[in-house]
Amino acid sequence: MELITSLLLSIFIAIVITENYGYGYWMFSRPVFGGFLVGLLMGDLQTGLLVGGTIELMYIGVLPIGGSVPPNAQIAGMLSTVFAISNGGNAEVGIALALPIGVLAQLLIMLAWNINILLMHRADKYIQEGDIKKVERTHLLGIPLFFTVFFIASFFAIYFGSDFVNNLVNKLPEQVTEGLKVASGLLPAVGMAMLIKMMNFKKYWSLFTIGFVLAVYFNLSVLAVSILSIAVVCALYTLRKNINNNDSMDDDFDEEEDNTNEEHILTKRELRQVFRRSFFSMTSINYERYCSLGFCYAMIPAIKKLYKDEAEIKEALKRHNEFFNCHPYTGNAVLGVTLTLEEQRALNKPISEEAISSTKTALMGPLSGIGDSVFKAVFMTIFAAIGAGMAIDGNVLGPFVFLIPNVLLNVLSRKYFVDYGYKFGTKLISKMKNSNIINTFVEATTFVGMMIVGAMVVGFVKVPLDLVFNISGSEINILNILNGIVPSLLPVSLVLVYYLILKKYKKGMYIVILLSFIIGILGKVIGIF
């Protein structure tokens, strides 16, 4: 690929992917949307949709839970789309490269996390000096750092790798390239197996079966099954509420047990500033203190309003640059609660530094669990599954079906967690538990998610068995026999086998991905596909 084209494309990809850590966590770098963007930019939208959608399904259950850094889906999705389009629209080429690219990207992100440790120590120095502006700038240096890492990796991959990949593909035997096409149809089973493992298939297998039956026997699309499952969930919730005659889920948050009648220093202006700054919570994420400096950066407007003594400001900055690791959405609830505690301390209430730090630590665990399990593992993956399915079918609305709900969730959850955290203080978590909101939401999304995955197996996992026996002049097609027993028996069986492998082996994800390529290529070589 030409130098200027490679540079421009690399800059674009680096800017997009940097959002994942640098600014906002908006989700538009996920494969289903990133592939769409690259396809649009390179003039091959259909290949972008196909590759992006397929890799989204492949990585759909690969989530960075807690402090883990798994193979990166974002870089894998966008660079794989570039290689597929530059190779003449061969989607299977890009899909085949998704795993090695994701693993290499994982190493690059770990490098950036380690470099960010230097930013932590530089920020410590500026905090001791009381130089707030330099503390803020140090935190924001994480943006150009992540951009640089992603740009260099993208440029070398595109400029030097495109021709290499093209030459390599041209030299591959036809059976191997055809085997890669088969493997691209098997790979969505990886993501689906991860999803049902994450959603407790052992408990909710019946919902998976209902979704499968609706798709295979009633020919309902994934979107139709999604709408139906959401409608059923709403109906069940209404019936349960009427039977129990219990409105506690709403009432608990209407009780006047907040701090609205207490004396305040902070205004809506500071709350808005904290909310806006929370979008940069992971900008300087690192292996030493994770999101500590991001938390401190968000708190600065409130600290400046609450404290006028330089020593008090330094102490406040210091205690909020301690270890902090929480989901970027639910972490805003910790921000809100901390605002209340700091305000009470500024008003000379008996709130010690230790109380503030210990409260933050106590809230991190449960709120991380809520964020990872509800927002990341359930909400995001449901819309990723629907959007990716539409994208694979060539529907340009698919990426937006994924993106729009996730952007709304990002903005609204951050806003209300800050507001309600500040309003209710430490009572917020107990109110959430007592109201049963989280459990109800998890149950509802799991209900919908399981049915959707069951329906997706039918349309998106392809096992093109071509095994025919000739007995006494009659052709016996094994695939037709299997489909006569249960339509789409092979795709659903593949998903369930992958699920069992994932449950049994710690490195199960790598095993099932490699197994997909082995089955595809070997099957083509021996002639069963």
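Every residue gets a number counted from 1 within its own chain, in the order that chain's sequence is written. Local features in this predicted model are restricted to residues whose pLDDT is 70 or higher, and side-chain atom pairs enter the listing and the counts only when it is 80 or higher, whereas totals over whole chains, interfaces and linings include all residues. To get the side-chain values, all heavy atoms of the structure are used, and hydrogens and water are removed first.

Trainee: How do you make sense of the overall build of the protein when you look at a structure like this?
Mentor: A run of H or I in DSSP becomes a helix once it reaches four residues, and a run of E becomes a strand once it reaches two; helices and strands are each numbered from the N terminus. A tally of helices and strands in the protein yields 24 helices and two strands. Its C-alpha atoms give the protein a radius of gyration of 25 Å, within 12% of the compact-globule value 24 Å for 529 residues. The principal-axis extents of the C-alpha atoms in the protein amount to approximately 95 × 65 × 40 Å. Classification of residues uses two cut-offs on accessible area relative to the type maximum, computed with a 1.4 Å probe and protein chains only: under 20% is buried, over 50% is exposed, and between them is partly exposed. Taken over 529 residues, the protein has a buried fraction of 54%. Note that the radius of gyration is over C-alpha atoms, with the globule rule given as 2.2 Å times the number of residues to the power 0.38.

Trainee: Explanation requested: the environment of L3 in the structure shown.
Mentor: In this fold, L3 is placed in helix 1 (residues 3-18). For the pair L3 and F155, spaced 152 residues apart in sequence, the C-alpha to C-alpha distance is 9.1 Å. For this analysis, residues touch if any pair of their heavy atoms sits within 4.5 Å. If sequence neighbours within four positions are ignored, L3 has contacts with F155 and Y159.

Trainee: Just to check I follow, could you spell out the pattern of salt bridges for this structure?
Mentor: Where charged atoms from two side chains of opposite charge come close, those side chains can pair. By definition here, a salt bridge exists when the distance from a side-chain nitrogen of Lys or Arg to a carboxyl oxygen of Asp or Glu is within 4 Å. As enumerated under the stated definition, the model contains 14 salt bridges in all. Between E56 and R30 there is a salt bridge, and its shortest N-O distance comes to 2.7 Å. Highlighted residues: E56 in helix 3 (residues 45-59) and R30 in the loop between helix 1 and helix 2 (31-42), separated in sequence by 26 residues. Residue class for R30 comes out buried when judged on its relative accessible area of 4%. A salt bridge links R345 to E353; its shortest N-O distance comes to 3.6 Å. The network of salt bridges with shared partners includes R319, E342, R345 and E353.

Trainee: Quick question: what am I supposed to make of empty space enclosed by the protein here?
Mentor: Empty space among the atoms becomes visible once a probe the size of a water molecule is rolled across them. In this analysis a 1.4 Å probe is tested at points of a 1 Å grid over the protein atoms alone, and where it fits but cannot get out there is a cavity; an open set with protein on both sides within 12 Å along at least five of seven lines is a pocket; lining residues have an atom within 4 Å of a point. Grid points are joined across faces, edges and corners, and a volume is the space filled by probe spheres set on the points. The final tally for this structure, using the stated rule, is three cavities of 30 Å³ or more. Of the volumes computed, that of the largest cavity is approximately 120 Å³. Of all the secondary-structure elements, those providing two or more residues to the lining of the largest cavity are helix 15 (292-306) and helix 17 (331-346). The residue classification treats Ala, Val, Leu, Ile, Met, Phe, Trp, Tyr, Cys and Pro as nonpolar and Asp, Glu, Lys and Arg as charged. All others, Gly included, are polar. Taken together, the residues of the lining of the largest cavity sort by class into eight nonpolar, six polar and one charged.

Trainee: Help me understand a nonpolar patch on the surface in this model?
Mentor: Note on patches: the residues involved have over 30% relative accessible area and no salt bridge, like charges join within 9 Å, and the nonpolar side chains Val, Leu, Ile, Met, Phe, Trp and Tyr join within 5 Å. The method behind every accessible area is Shrake-Rupley, applied with a 1.4 Å probe, and residues are considered shielded solely by the protein chains displayed. Taken together, the side chains of L3, I4, L8, I11 and I15 make up a nonpolar region of the molecular surface, amounting to roughly 450 Å² of accessible area. Relative to the helices and strands, I11 resides in helix 1.

Trainee: What is the right way to read helix 4 (residues 73-86) from this model?
Mentor: One full turn of an α-helix is made of 3.6 residues, so residues set three or four places apart face in the same direction. Each helix should span, by expectation, one fewer than its residue count multiplied by 1.5 Å. For helix 4, which comprises 14 residues, the first-to-last C-alpha distance of 20 Å matches the rise-based estimate of 20 Å (1.5 Å per residue) to within 8%. Throughout this description, a polar contact denotes any pair of N or O atoms lying within 3.5 Å of each other; where both atoms belong to protein, one of them has to be capable of donating a hydrogen while the other can accept it, and for residues adjacent in sequence the pair is counted only when both atoms sit in side chains. Measuring from the backbone nitrogen of Q74 back to the side-chain oxygen at the start of helix 4 gives 3.1 Å, which picks out N72 as the cap. Following helix 4 by one or two positions, G88 adopts a phi angle in the positive range, close to 90°.

Trainee: It is not clear to me how the environment of G473 should be interpreted in this structure. Could you clarify?
Mentor: You can see G473 is positioned in the loop between strand 1 (468-471) and strand 2 (474-477). You can call G473 exposed: its relative accessible area is 68%. A C-alpha to C-alpha distance of 32 Å links G473 and V458, two positions 15 residues apart in sequence.

Trainee: How should the side chain of T47 be read in this particular structure?
Mentor: Position of T47 among the secondary structure elements: in helix 3. On the basis of relative accessibility, which here comes to 8%, the residue T47 falls in the buried class. Those residues in contact with T47, other than ones at most four positions away along the chain, are G52, A84, I85 and G89.

Trainee: Would you mind going over the packing of helix 6 (residues 98-129) against helix 16 (residues 310-319) with me for this structure?
Mentor: Pairs of packed helices are described in terms of their axes, by the angle between the two and the distance that separates them. Interaxial angle, 0 to 180 degrees, is taken between N-to-C directions of lines fitted to C-alpha atoms, where a helix line uses only the stretch in contact. Taken N-terminus to C-terminus, the directions of helix 6 and helix 16 make an angle of 160°; their axes are 8 Å apart at the nearest point. Of the possible angle classes, the one that applies to helix 6 and helix 16 is roughly antiparallel. Considering the relative orientation of helix 6 and helix 16, their crossing is left-handed. Residues I127, Q128 and E129 of helix 6 form the contact with helix 16, whose participating residues are E310, K314, L317 and K318. When its residues are assigned to classes, the contact of helix 6 with helix 16 shows two nonpolar, one polar and four charged. Each angle is binned into one of four classes, with values under 35 degrees roughly parallel, values over 145 roughly antiparallel, values of 65 to 115 roughly perpendicular, and all other values oblique. A crossing counts as left-handed when the near helix is turned anticlockwise from the far one by less than a right angle, and as right-handed when that turn is clockwise.

Trainee: Looking at this structure, how should I read unusual backbone geometry?
Mentor: Working note: non-glycine residues mostly have negative phi, and peptide bonds are mostly trans. In the Ramachandran plot, M27 falls in the positive-phi region, its phi being about 80° despite a non-glycine side chain. A relative accessible area of 5% means that M27 is categorised as buried. Positive phi is not limited to glycine here, since N200 has a value of about 65°. By the secondary structure assignment, N200 is in the loop between helix 10 (188-198) and helix 11 (201-217). We classify N200 as partly exposed; its relative accessible area is 36%.

Trainee: Explain the nonpolar core here, please?
Mentor: Side chains that are nonpolar tend, in soluble globular proteins, to be buried together. Definition used in this section: a nonpolar core is a set of buried Ala, Val, Leu, Ile, Met, Phe, Trp, Tyr and Cys residues joined via side-chain atoms within 4.5 Å. Grouped together as the largest cluster of nonpolar side chains are 156 residues, with contacts concentrated most on M192 and L339. The greatest single-element share of this core, amounting to 18 residues, is contributed by helix 18 (residues 353-392). Those residues within four positions of L339 in sequence are excluded, and the remaining contacts are L266, L271, V274, M299, A302, V418 and Y422.

Read these as geometric descriptors, not functional statements.
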